[in-house]
Amino acid sequence: MSLLASKSPWYAAGKSIGLLFFFMLTGLYLDSYHFVKITPNAQWYANAVMFIVTTIVFLQVTKRCKEQMISAILIAIFGEYLFSIVMGMYTYRLGNVPHYIPPGHALVYVAVLYFSKASAIIKYKTQLEKVFTIFIFIYALVFLIFKNDVFGFVMTIATLLILRNKPRERLFYLTMYITVAFLEIVGTNYLCWKWPATAWGVFDFLPSHNPPSGISFFYFLLDLGSLWIYKQRHKLAWARMKNIRKIKNKTLVFVN
């Protein structure tokens, strides 16, 4: 059964976000402090499994998603070395950028994309957006009150304010926020990486938790970058799609 065409929201969610969450729990375990006790080469096992899974997913997605996955990996390589190694925004267990991280970004991107584009999910788009928004605000508020996570709360509010004027992308980014929150909680609890006590370890007026609640704000740069690269490679097709959208919108206004 096609994920995008499925009429069951549970099937669509399970085959996209559900499988991704399961892979986060099991894949990151291979780079955790638990697995290090078994073998000193834990990170290489995580790298190998990631490349196998990424290859399987890459072969199954559409041509457009293949391009976006490649773009996501390239942008993630640059971003990870900039934010982690150069700026010290966060630190990985071995002080490096694990090879499994860039393709991991691509997997997160494509899973969230397929979830938000599935017809069974779009049917409940408005309800999901409301539920996700309330959950995200409460999640960030709890981190602010009990973990003094000012940095994460500020990024969360910024995210929600930006999404007020992004109805077309809202479900995608709300889902991305929740997915990244889960990813960060798993990764930091496994001690795969850690965040400093303040924003970037520099701004003392922005206390942060490990992890900060709204860190998915920076994932938006990856998403926007991947989309921008795709647009540049397919300018004519993108312009044609925008014209079709305008015609549809005008038709709806005329009918109403």
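See the structure printed just above.
Everything numeric here is computed off the predicted structure, so don't read it as measured data.

## Overview of the packing of helix H4 (residues 63–86) against helix H5 (residues 101–117)
Then, in step 1: The contact between H4 and H5 brings their axes to 8 Å, and the two run at 135°. In terms of orientation, H4 lies oblique with respect to H5. In terms of crossing hand, the pair formed by H4 and H5 is right-handed. Listed contacts from H5 to Cys65, Gln68, Met69, Ala72, Ile73, Ala76, Ile77 and Glu80 of H4 are Ile101, Pro102, Pro103, His105, Ala106, Leu107, Tyr109, Val110, Leu113 and Tyr114.
Then, in step 2: For the contact of H4 with H5, a count of residues per class yields 15 nonpolar, two polar and one charged.

## A look at the nonpolar core
Then, in step 1: In terms of nonpolar packing, the biggest core is built from 66 residues, with Leu28, Met176 and Trp193 touching the most fellow members.
Then, in step 2: The set of elements that each furnish at least two residues to this core consists of helix H1 (9–27), helix H3 (42–60), H4, H5, helix H7 (125–147), helix H8 (150–163), helix H9 (170–189) and helix H10 (219–233).
Then, in step 3: Aside from chain neighbours lying at most four places away, what touches tryptophan 193 is Leu28, Thr91, Tyr92, Arg93, Ile101, Leu183, Glu184, Gly187, Thr188 and Asn210.

## Let's talk about the packing of aromatic side chains
Then, in step 1: Evaluated as defined, the whole model comprises 19 aromatic pairs.
Then, in step 2: Aromatic pair phenylalanine 21 and phenylalanine 182: ring centres 4.3 Å apart, planes at 5°, arrangement stacked. Of this pair, phenylalanine 21 sits in helix H1 while phenylalanine 182 sits in helix H9, placing them 161 residues apart in sequence.
Then, in step 3: Ring centres of tryptophan 200 and phenylalanine 203 lie 5.7 Å apart, and the angle between their planes is 80°; on these two criteria the pair is classed as edge-to-face.
Then, in step 4: According to the relative accessible area criterion, phenylalanine 203 is partly exposed, its value standing at 34%.

## Regarding the pattern of salt bridges
Then, in step 1: Applying the stated criterion across every chain yields a total of three salt bridges.
Then, in step 2: In this structure, the salt-bridge partner of arginine 170 is glutamate 129, at a minimum N-O distance of 3.5 Å. Here the residue arginine 170 occupies a position in helix H9, and glutamate 129 occupies one in helix H7, the gap between them amounting to 41 residues.
Then, in step 3: Its relative accessible area of 8% is what places glutamate 129 among the buried residues.
Then, in step 4: When salt bridges with common partners are traced through the structure, they connect Lys125, Glu129 and Arg170 into a single cluster.

## Some points on the packing of H3 against H5
The axes of two packed helices give the description: the angle between them and the distance between them.
Then, in step 1: Interaxial distance between H3 and H5 falls to 10 Å at its minimum, and their mutual angle equals 40°. Comparing the axis directions of H3 and H5 gives the class oblique. Along this stretch, H3 crosses H5, giving a crossing that reads as left-handed. In this structure, H3 uses Met50, Phe51, Val53, Thr54 and Val57 to contact H5, whose residues at the interface are Pro103, Gly104, Leu107 and Val110.
Then, in step 2: The class makeup of the residues in the contact of H3 with H5 is seven nonpolar, two polar and no charged.

The rules behind these values
- Residues numbered from 1 in each chain as written.
- Predicted model: local features only at pLDDT ≥ 70, side-chain atom pairs only at ≥ 80, totals over all residues.
- Heavy atoms only, no water.
- Axes fitted to C-alpha atoms, helices over the stretch in contact; angles between N-to-C directions.
- Helix = DSSP H or I, 4+ residues; strand = E, 2+ residues; numbered from the N terminus.
- Parallel < 35°, antiparallel > 145°, perpendicular 65-115°, else oblique.
- Left-handed = near helix turned anticlockwise from the far one by under 90°.
- Contact = heavy atoms within 4.5 Å.
- Nonpolar A, V, L, I, M, F, W, Y, C, P; charged D, E, K, R; others polar.
- Core = buried A, V, L, I, M, F, W, Y, C linked by side-chain atoms within 4.5 Å.
- Buried < 20%, exposed > 50% of the residue type's maximum accessible area, 1.4 Å probe, protein only.
- Phe/Tyr/Trp six-rings, centres within 6.5 Å; stacked < 30°, edge-to-face > 60°.
- Salt bridge = Lys/Arg side-chain N within 4 Å of Asp/Glu carboxyl O.

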